[in-house]
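Listed below are the residues making up each chain.
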Amino acid sequence: MRTPAHEAPVDPVSSRWLRVIGGALLCLAGTVLIGRFTGLTWLVRAVPGGAPMAFVAAIGFALSGGAFLAFAAGWLRAGRWLGVACGALGAGTLGLYAVVAWR
């Protein structure tokens, strides 16, 4: 049976690492989002006394973690779209910072 064009088999070792990285990114994003919504600043900061992580950074981590997990499952189309969404979010954020700095 042929695999559809938007799905592809993945090497087991690569799939394992993609799942580990994707899961870690989703856990990080979830932790930051929980910290943001509950007001627990120690969940939002990478180091004690450091700057808090931006909300868009947490969303970017969630999108990239989802992309890693999609690629691990062999869902190429979903992984590509999540990667494109993550890139668009990053480009929009950089564009916003550039506009604010230019003013």
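Higher on the page you've got the structure.
This text gives an overview of the structure that appears in the document.

What counts and what doesn't
Residues numbered from 1 in each chain as written. Predicted model: local features only at pLDDT ≥ 70, side-chain atom pairs only at ≥ 80, totals over all residues. Heavy atoms only, no water. Phe/Tyr/Trp six-rings, centres within 6.5 Å; stacked < 30°, edge-to-face > 60°. Helix = DSSP H or I, 4+ residues; strand = E, 2+ residues; numbered from the N terminus. Buried < 20%, exposed > 50% of the residue type's maximum accessible area, 1.4 Å probe, protein only. Patch = residues over 30% accessible without salt bridge, like charges linked within 9 Å, V, L, I, M, F, W, Y side chains within 5 Å. Areas by Shrake-Rupley, 256 points an atom, 1.4 Å probe, with all protein chains shown as cover. Salt bridge = Lys/Arg side-chain N within 4 Å of Asp/Glu carboxyl O.

## Quick word on the packing of aromatic side chains
Scanning the model with the defined rule gives one aromatic pair in all. Judged by centre distance (6.0 Å) and plane angle (75°), the rings of Phe 37 and Phe 55 are edge-to-face. You can see Phe 37 sitting in helix α1 (residues 12–38) and its partner Phe 55 sitting in helix α3 (residues 55–73), a full 18 residues away along the chain. By relative accessible area, which is 67% here, Phe 37 ends up exposed. What makes Phe 55 partly exposed here is its relative accessible area of 40%.

## Topic: a nonpolar patch on the surface
Taken together, the side chains of Val 13, Trp 17, Val 20 and Ile 21 make up a nonpolar region of the molecular surface, amounting to roughly 380 Å² of accessible area. Tracing the backbone through its elements, the reader meets Val 13 in helix α1. A residue is classified by how much of its surface remains accessible, and Val 13, at 45% relative accessible area, is partly exposed.

## Brief notes about the side chain of Ser 15
Tracing the chain through its elements places Ser 15 in helix α1. Judged by its relative accessible area of 6%, Ser 15 is buried.

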